[in-house]
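# Coordinate inspection notes
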Amino acid sequence: MTSAPPFACAPLLKTIARGAKGARPLNADETRTLFDAILADRVAPAELGGVLIAYRIKGETPVELRAMLDAAHATFTPLAAPADAPPPVLLPSYNGARKQPNLTPLLALLLAREGIPTLVHGQHHSGANRVGTQAIFAALGHAACQSATEAEAALRTRRVAYLPIAALSPALERLLEMRAALGVRNSGHTVVKLLQPFAGPALRLVNYTHPEYRETLGEMFADAANSPAPGVLLARGTEGEPVADARRQTAIDGFSDGVYRLWQSAEEGATGIPPTLPASDAPATARWIEAVLAGDVDVPAPIARQVEVIRQALGLGITR
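For every chain, the first residue of the written sequence is number 1, and numbering continues from 1 along that sequence. At least 70 in pLDDT is required for a residue's local features to be given in this predicted model, at least 80 for side-chain atom pairs to be given and counted, and no such filter applies to totals for whole chains, interfaces and linings, which use all residues. With hydrogens and water stripped out, all remaining heavy atoms of the structure feed into the side-chain values.

### Overview of the UniProt feature "domain: Glycosyl transferase family 3 N-terminal" (unreviewed entry) in the protein chain
When the UniProt feature table is mapped onto this chain, "domain: Glycosyl transferase family 3 N-terminal" (unreviewed entry) is found at residues 11-72. Where helices and strands are cited, they refer to DSSP runs of H or I of at least four residues and of E of at least two residues respectively, numbered from the N terminus. For the annotated span residues 11-72, helix accounts for 76% and strand for 0% of the residues, and the straight-line distance between the end C-alpha atoms is 22 Å. UniProt positions are given in the numbering used here, feature names are shortened, and annotations may be inferred rather than shown by experiment.

Written out as structure tokens, the structure reads:
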């Protein structure tokens, strides 16, 4: 706890902690006040656990998510994007992969090769038996940045950077680490996937796992204030990662200044399976990615399509 006075959550818990059917949402001001206090470490552990479990059961409304996001953005200084490049792309990577190879670094490097600054942010670990993005980037020769300043420099020189959330916002890292105590994810894990940490425009890739979040996020981004251009690309995650599923084409929805566009419809059946990689072997995944970048292995069709959609969403047109 900080030296600031503790924040009493009991009045708000009476609203949000009455179960899936009895709970009611907080308004924007109440949510912002609550999450400002949580991120400032002013909430006692027992009350914090109660709040996080209450939201786990109740779910967040679009209004609550926006207020939580505003509180999260207030915990760090916005980054500066390269001045001589298109708006940056944001890839939140907090899950890693267990069953499939984790190809988020491949997507980031394909975009960087196109001259598109790409910031990947995540945690240094991805849980037991998961291959995390930070480990794969390290095997590819891209060490994790230790500060926002390092990330800005990497984006200028290499067009790609991996920034641990702990280096961007220790307060958000502390909230995510509550998973170890509670055994389940919390609202923080949703909020970090919505971050827009740049001072200027950026394109966010936001993914969801549970279908109900598709409806909540779609309602949120339909508000122009929550999807300023170039906007948001929304798709089902690949084991929670923002990269397209290499085996099949999934739908990609877009929102820009509140305007909806279906960029890619889902297609039935498999579109080709990449070589099998050991689920726990980051070096093997890195070697395969290097082979793709060298042209020795084809880019999986859904990921190639994802790159094209990103280019078009940024107004860069179609590559030939």
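Still more ground to cover, so stick around.
### Section: the pairing of strand β1 (residues 89-93)
For the exposure calls, accessible area comes from a 1.4 Å probe over protein chains only, and a residue counts as buried if that area is under 20% of its type's maximum, exposed if over 50%, partly exposed in between. With five of its five residues buried, β1 lies for the most part within the structure. Burial along β1 is two-sided: the face carrying Val89, Leu91 and Ser93 and the face carrying Leu90 and Pro92 are both buried. If DSSP finds at least two bridges between two strands, the strands pair. Examined bridge by bridge, β1 and strand β2 (residues 118-122) share five bridges and lie parallel to one another. Following the sheet pairing, leucine 91 is matched in β2 by valine 120. Viewed with both strands pointing away, a crossover whose connecting path from the first strand over the helix to the second turns clockwise is right-handed. Read as a crossover between parallel neighbours, the route from β1 over helix α6 (residues 104-113) to β2 is right-handed. The pairing of β1 with strand β4 (residues 203-208) spans two bridges and is parallel. The residue bridging leucine 90 from the neighbouring strand is arginine 204, located in β4.

### Observations regarding the environment of valine 160
Within the secondary structure, valine 160 sits in strand β3 (residues 160-164). The buried category is assigned to valine 160, whose relative accessible area is 3%. Note: C-alpha distance between valine 160 and glycine 295 (135 residues apart in sequence) is 20 Å. With residues up to four places along the chain from it excluded, the contact list for valine 160 reads Ala108, Leu109, Ala112, Thr118, Phe137, His142, Ala154 and Leu155. What makes two residues a contact is simply this: any of their non-hydrogen atoms within 4.5 Å.

### Considering the sheet that holds β3
Working definition: the strands of a sheet are paired by backbone hydrogen bonds and lie parallel or antiparallel to each other. As summarised here, the arrangement of the seven strands in space is β3-β2-β1-β4-β5-β6-β7, forming an open sheet in which the pairing is mixed. In this open sheet, the two edge strands, each paired with only one partner strand, are β3 and β7 (259-264). Strand-to-strand twist across the sheet, computed as the mean angle between neighbouring axes with direction ignored, equals 25°. Simply put, an axis is a line fit to the C-alpha atoms, just over the touching stretch for a helix, and the angle between two N-to-C directions goes from 0 to 180 degrees. In the packing of helix α8 (residues 148-157) onto the sheet, the strands contacted are β2 and β3, and the crossing angle to β3 comes to about 165°.

### Structural notes on the domain arrangement of the protein chain
Note that domain bounds follow an automatic or database assignment of domains. Structurally, the protein chain comprises domain 1 (9-59) and domain 2 (89-314). The centre of domain 1, based on its C-alpha atoms, is set 28 Å off from the matching centre of domain 2. When two parts are brought into contact, each loses some accessible area as probed by a 1.4 Å sphere; the total of that loss over both is the buried area. Buried area between domain 1 and domain 2, both sides added, is near 900 Å², and the carbon and sulfur share of it is 74%. Among the residues of domain 1 in contact with domain 2, Leu39, Leu52 and Arg56 are the three that bury the most area, contributing 54% of the side total. A side-chain nitrogen of Lys or Arg and a carboxyl oxygen of Asp or Glu constitute a salt bridge if their distance falls within 4 Å. The interface formed by domain 1 and domain 2 contains zero salt bridges. Any pair of nitrogen or oxygen atoms within 3.5 Å is treated as a polar contact; in protein, a donor-acceptor pairing is required on top of that, and neighbouring residues in sequence qualify only through side-chain atoms on both sides. Connecting domain 1 to domain 2 are two residue pairs in polar contact (both at pLDDT 80 or more). Among the secondary structure elements, those contributing two or more residues to the side of domain 1 that touches domain 2 are α3 (28-39) and α4 (45-58).

### Points about the environment of arginine 66
Checked against the element boundaries, arginine 66 lands in helix α5 (residues 62-73). Its relative accessible area of 29% is what places arginine 66 among the partly exposed residues. Excluding anything up to four places from it in sequence, arginine 66 contacts Met220, Ala225 and Asn226. One polar contact links the side chain of arginine 66 to the main-chain carbonyl oxygen of alanine 225, over a distance of 3.2 Å.

### Some details on the packing of α6 against helix α14 (residues 282-293)
Two numbers describe how α6 lies on α14: the axes approach to 10 Å, and their chain directions differ by 30°. Relative to α14, α6 is oriented roughly parallel. The handedness of the crossing between α6 and α14 is right-handed. Listed contacts from α14 to Pro105, Leu106, Leu109, Leu110 and Arg113 of α6 are Trp288, Ile289, Val292 and Leu293. By the convention adopted, Pro, Cys, Tyr, Trp, Phe, Met, Ile, Leu, Val and Ala count as nonpolar, Lys, Arg, Asp and Glu as charged, and the other residues, Gly among them, as polar. Of the residues that constitute the contact of α6 with α14, the class distribution is eight nonpolar, no polar and one charged. Geometric relationships in this document are graded by angle, where less than 35 degrees denotes roughly parallel, more than 145 denotes roughly antiparallel, 65 to 115 denotes roughly perpendicular, and other angles denote oblique. Note on convention: the crossing is left-handed when the near helix lies turned anticlockwise from the far helix by less than a right angle, right-handed when the turn is clockwise.

### Thoughts on the environment of valine 184
Tracing the chain through its elements places valine 184 in the loop between α11 (178-182) and α12 (187-191). When its relative accessible area of 25% is taken as the criterion, valine 184 is described as partly exposed. Expressed as a C-alpha distance, the spacing of valine 184 and proline 6, which sit 178 residues apart in the sequence, is 25 Å. Valine 184 has contacts with Ile53, Arg56 and Arg179, leaving out every residue within four places of it along the chain.

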